Amino acid sequence: MSLTHFAALLPLDTLGHYLHWHFIQISVANFVVIVLMVFTFIAAIFAPFPGRRRRKENQ
Amino acid sequence: MTYTEIERQWTTRLRRRFVRLLPPEKLLPDTQPTYVSSWIYVFGVTTLAALAVVIASGCLLALRGPQWWHTSSVGHFVNSLHLWSVEIFFFAMVVHLWGKYFMAAWRGGRALTWMTGVVTFLTSIAAAFTGYVSQSNFDSQWISTQAKDGINATGAGAYFNVLNLGQMLMWHIVLLPLAAIVLTGLHVILVRVKGVVPPFEEPVKVSQ
Ligand code: HEM
């Protein structure tokens, strides 16, 4: 199967989708990437790191 | 050769200086402070790994040329590998830079580490841009004809002509990767020289 079959899974030949908010205009794709980066940043701070021992408080 | 002659040689002096600046145990340490065991520290090396894939896949594209990457399925695959590693590179770099920003990781004489990061970021944007206009398809035609007015308005168009495919390709595959690799190398060496920045001190609790 050639890779062009995969291209048919997503509509790639339509106009791009955009978000408008006053003077701010951003494509949905770029907005999604920014949201994912913010999510990854927050997860990187709060997700427990494997192998890290919990610090015992008040000792 | 006498002892003092050896002492005065530039090779001796340079070696001593390098070893003093970056002894082997600092260059390749075996342990790190406990605060480094957090996911936020993983993004620098993720950026580095993505950059390695970008360079490797770019070299494969250069080997076979546009007829190959536009028409064969393996060519499409390597082209996609190049694009998606760039996406991961920028994604990881942005999370890395947010992390370093909120840690104020320029503290303690690490200003040059931060600044090499900033310049690498700007260089990478230019590298991505010249990549987009080097695709040699309708997308690159559209981008370059849109960009030319903006760049000409700054006056830079006299030296950096986005409609000149040859020039854009040379910037993309020679000058900008070279700059990105050198800057990244410098950045990582600076991190090793200075060591990982310690966290902010917690305010001292006074017991009553
Ligand atoms: C090609 C892009 C880049 C690569 C490959 C890279 C790689 C790295 C690596 C491997 C580290 C050590 C591990 C870590 O703390 O994550 C690091 C540290 C650091 N990076 Fe980057 N980085 C890049 C871009 C940037 C950017 C854009 C900035 C900010 C403008 C930045 C600022 C810093 C700082 C200040 C440190 C030192 C952190 C410390 O001392 O604890 N880097 N970088």
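Up top is the structure.
This is a predicted model, so every value here is computed, not measured.

Student: Whenever I open this one, the coordination of the iron atom of the ligand confuses me. Can you help?
Tutor: Six octahedral donors around a metal ideally subtend angles of 90 or 180 degrees, whereas four tetrahedral donors ideally subtend 109.5 degrees. Residue and element names in this part refer to chain B. Around the iron atom of the ligand, the protein contributes the donor atoms His96 (NE2) and His187 (NE2), at 2.0 Å from the metal centre. The site at the iron atom of the ligand holds six donor atoms, and with the angles between them running 85 to 179 degrees, its shape is octahedral. Here histidine 187 lies in helix H9 (residues 165-194) and histidine 96 lies in helix H6 (residues 73-102), a separation of 91 residues in the sequence. On the basis of relative accessible area, histidine 96 is assigned to the buried category, the value being 18%.

Student: Help me out: how do you make sense of the packing of aromatic side chains in this one?
Tutor: Each aromatic ring pair is described using two quantities: the centre-to-centre distance and the angle formed by the ring planes. Tallied over the entire structure, the rule returns eight aromatic pairs over all chains. Ring geometry for tyrosine 101 of chain B versus tryptophan 106 of chain B: centroids 5.9 Å apart, planes at 55 degrees, classification tilted. Since its relative accessible area comes to 33%, tryptophan 106 of chain B is described here as partly exposed. Put simply, the rings of Phe41 of chain A together with Trp98, Tyr101, Phe102, Trp106 and Trp114 of chain B pair up and form one aromatic cluster. Cation over ring: arginine 107 of chain B sits above phenylalanine 200 of chain B, and NZ or CZ is 4.0 Å from the ring centre.

Student: Explain the site of the ligand here, please?
Tutor: Residue and element names in this part refer to chain B. Not every one of the 24 residues close to the ligand is listed here, only the nearest: His96, Lys100, Gly117, His187 and Val197. Here lysine 100 contributes a side-chain N or O atom positioned 2.7 Å from an oxygen atom of the ligand. The separation between an oxygen atom of the ligand and a polar main-chain atom of valine 197 is 2.9 Å. Elements supplying a minimum of two residues to the shell around the ligand: helix H4 (42-64), H6, helix H7 (111-132) and H9. For the shell around the ligand, the element with the most residues is H7, which contributes six residues. Among the domains, domain 1 (39-92) and domain 2 (104-196) are the pair contributing at least three residues each to the shell around the ligand.

Calculation rules
- Residues numbered from 1 in each chain as written.
- Chains lettered and ligands numbered in written order.
- Predicted model: local features only at pLDDT ≥ 70, side-chain atom pairs only at ≥ 80, totals over all residues.
- Heavy atoms only, no water.
- Donors = N, O, S within 2.8 Å, 3.2 Å for Na, K, Ca; no water.
- Tetrahedral: all angles 85-135°; square planar, octahedral: opposite > 155°, others 65-115°.
- Helix = DSSP H or I, 4+ residues; strand = E, 2+ residues; numbered from the N terminus.
- Buried < 20%, exposed > 50% of the residue type's maximum accessible area, 1.4 Å probe, protein only.
- Phe/Tyr/Trp six-rings, centres within 6.5 Å; stacked < 30°, edge-to-face > 60°.
- Lys NZ or Arg CZ within 6 Å of the ring centre and 35° of its normal.
- Near = heavy atom within 4 Å.
- Polar contact = N/O pair within 3.5 Å; in protein donor to acceptor, adjacent residues only side chain to side chain.
- Domains from an automatic or database assignment.

All quantities given are derived from atomic positions and should not be read as evidence of function.
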